[in-house]
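Residues per chain, in single letters:
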Amino acid sequence: MHIRIYGPGCARCHETERVVEDVVRESRSDATLEKISGLMEIATSGILSVPAVTIDGKIMCQGRVPSRAEVLGWLETRRQDKS
């Protein structure tokens with residue numbers, strides 16, 4: 001599972017990164033995390049509003065900080081999809 005966190009570095013972007021990292025670590029997920037902060041890469045990825053999170057190329061949220069429960073739900077759903 002490949003998770004990308006998009007944002008240029010604002011406070012909400014850092015909070016999104018912290019939430020996702022904490023949930024991935026606590027759930028013992030083998031997901032890889034990647035932070036994308038370049039404006040050109042954000043724009044060409046289809047992201048319209050930051051912060052944003054994608055999992056395996058699918059946009060999970062954009063323009064807001066996701067909740068811990070929401071991120072955990074995404075991880076569980078993606079695991080089930082791969083089974």
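This one's a predicted model, so the numbers in the text were calculated from it and none came from an experiment. (Residues numbered from 1 in each chain as written. Predicted model: local features only at pLDDT ≥ 70, side-chain atom pairs only at ≥ 80, totals over all residues. Heavy atoms only, no water.)

On to the environment of Pro51. Examined against the element boundaries, Pro51 turns out to sit in the loop between α2 (39-44) and β3 (52-55). Sequence-wise, Pro51 and Cys10 are 41 residues apart; in three dimensions their C-alpha atoms are separated by 8.4 Å. In this structure Pro51 touches Tyr6, Arg12, Cys13, Thr16, Cys61, Gln62, Gly63, Arg64 and Val65, once residues within four positions along its chain are discounted. (Helix = DSSP H or I, 4+ residues; strand = E, 2+ residues; numbered from the N terminus. Contact = heavy atoms within 4.5 Å.)

Now for the sheet that holds strand β4 (residues 58-62). Read from one edge of the open sheet, 4 strands run β2-β1-β3-β4, paired in mixed fashion. Looking at strand neighbours, the two that pair on one side only are β2 (32-36) and β4, the edges of this open sheet. Mean inter-strand twist for the sheet, computed between neighbouring axes without regard to direction, equals 20 degrees. The pairing of β3 with β4 spans 4 bridges and is antiparallel. Residue pairing for β4: Ile55 is matched across the bridge by Lys58. Sitting on the sheet, helix α1 (residues 11-26) is in contact with β1 (2-6), β2 and β3, with an inclination near 160 degrees to β1. (Pairing = 2+ DSSP bridges. Axes fitted to C-alpha atoms, helices over the stretch in contact; angles between N-to-C directions.)

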